[in-house]
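Chain by chain, the residues:
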Amino acid sequence: SDLEATLDLSKGGVSNAVINSFKARTQGTTLNLSGRADDLLGDMHIDAALSGSLPLEDAKPMLPDSLPLNAKGHADLDLKANFRLSQLSDMDLDKMLASGTIKLKNLDVTYDSLHAVAPRLDIALQLPAKQHVGKMADAHLTGGGLRVEMPGTSATLDHPDINVGVNNLIKEQIAAVFEVK
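Residues numbered from 1 in each chain as written. Predicted model: local features only at pLDDT ≥ 70, side-chain atom pairs only at ≥ 80, totals over all residues. Heavy atoms only, no water.

### Some words on a nonpolar patch on the surface
Right, so step 1: Residues L7, L9 and L41 make up a contiguous nonpolar surface patch of about 380 Å² in total accessible area.
Right, so step 2: By the element assignment, L41 lies in the loop between β3 (30-38) and β4 (45-55). (Patch = residues over 30% accessible without salt bridge, like charges linked within 9 Å, V, L, I, M, F, W, Y side chains within 5 Å. Areas by Shrake-Rupley, 256 points an atom, 1.4 Å probe, with all protein chains shown as cover. Salt bridge = Lys/Arg side-chain N within 4 Å of Asp/Glu carboxyl O. Helix = DSSP H or I, 4+ residues; strand = E, 2+ residues; numbered from the N terminus.)

Given below as structure tokens:
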């Protein structure tokens, strides 16, 4: 790890940290973080990049318990974010800036009554949404062999090219606009 911090504990003092490189590894997960955090003792402002690789099962503890989601597979991440700690703790996702890609392999996910499988699926994310005005986030999905099943319906896309405008990523009910090319 390579980081520097300046701490000023006096009243009104400003503290910050520059993270040139922070690496974490568990059995199947590798994460690399870089960026900076300002106002460490107040409403921290974070401008960071996260890359890494993880089994999707390892992400489950980071999601709300009320979210009816089960996922298997593997994800390679390349994400950037700029936000305040208060925005994260209040889940004001529409005020945060984030972008990047998630490359999924051997995806097998169930969300409520929706089930999807794909050997490979790439997701480009943008928060807040730029393409779908009024939505919280944009996602562009591409890949191969996507199969989606819902009660009474199923579809297979050999080469999916899907744009999605998502209303809320963490609520129990997600409202989305889909454009399949």
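Having seen the structure, we can now continue with the description.
### Focus: the nonpolar core
Right, so step 1: Residues A75, L104 and L141 are the most contacted members of the largest nonpolar core, which totals 21 residues.
Right, so step 2: At the level of secondary structure, the elements contributing two or more residues to this core comprise β5 (69-84), β6 (97-111), β7 (114-127), β8 (137-144) and β11 (161-166).
Right, so step 3: Take this core: its biggest share by element is five residues, from β6.
Right, so step 4: For L141, the contacting residues outside a window of four places in its chain are L121, D122, I123, P160, D161, I162 and V164.
Right, so step 5: Counting 10 residues, the second largest nonpolar core, distinct from the first, contains M44, I46, L127 and M136. (Core = buried A, V, L, I, M, F, W, Y, C linked by side-chain atoms within 4.5 Å. Buried < 20%, exposed > 50% of the residue type's maximum accessible area, 1.4 Å probe, protein only. Contact = heavy atoms within 4.5 Å.)

### Considerations on unusual backbone geometry
Right, so step 1: Cis geometry is found at the peptide bond from L127 to P128, where omega equals 0°.
Right, so step 2: Turning to its location among the elements, P128 is positioned in the loop between β7 and β8.
Right, so step 3: For D39, which is not glycine, the phi dihedral falls at a positive 60°.
Right, so step 4: For D39, the location among the structural elements is in the loop between β3 and β4.
Right, so step 5: D39 gets classed as partly exposed once you look at its relative accessible area, which sits at 31%.

### Observations regarding the side chain of T29
Right, so step 1: In this structure, T29 sits in the loop between β2 (16-25) and β3.
Right, so step 2: A distance of 2.7 Å separates the side chain of T29 from the side chain of D58, its partner in a polar contact.
Right, so step 3: Not counting residues up to four positions away in its chain, the partners in contact with T29 are A24, S53, L54, P55 and D58. (Polar contact = N/O pair within 3.5 Å; in protein donor to acceptor, adjacent residues only side chain to side chain.)

### Some points on the pairing of β4
In regular strands, side chains alternate between the two faces of the sheet.
Right, so step 1: Pairing between β3 and β4: nine bridges, direction antiparallel. The residue bridging S34 from the neighbouring strand is A49, located in β4.
Right, so step 2: If you look at the hairpin formed by β3 and β4, you'll find six residues sitting between the two strands, and D39 has a positive phi there, around 60°.
Right, so step 3: The sheet contact formed by β4 and β5 spans 11 bridges and is antiparallel. (Pairing = 2+ DSSP bridges.)

### Quick look at the side chain of S15
Right, so step 1: Assignment of secondary structure puts S15 in the loop between β1 (2-6) and β2.
Right, so step 2: A relative accessible area of 2% means that S15 is categorised as buried.
Right, so step 3: The contacts of S15, once residues within four sequence positions are left out, are T6, L7, D8, A37, D38, D39, L40 and L41.

What is shown is where atoms sit, not what they do.
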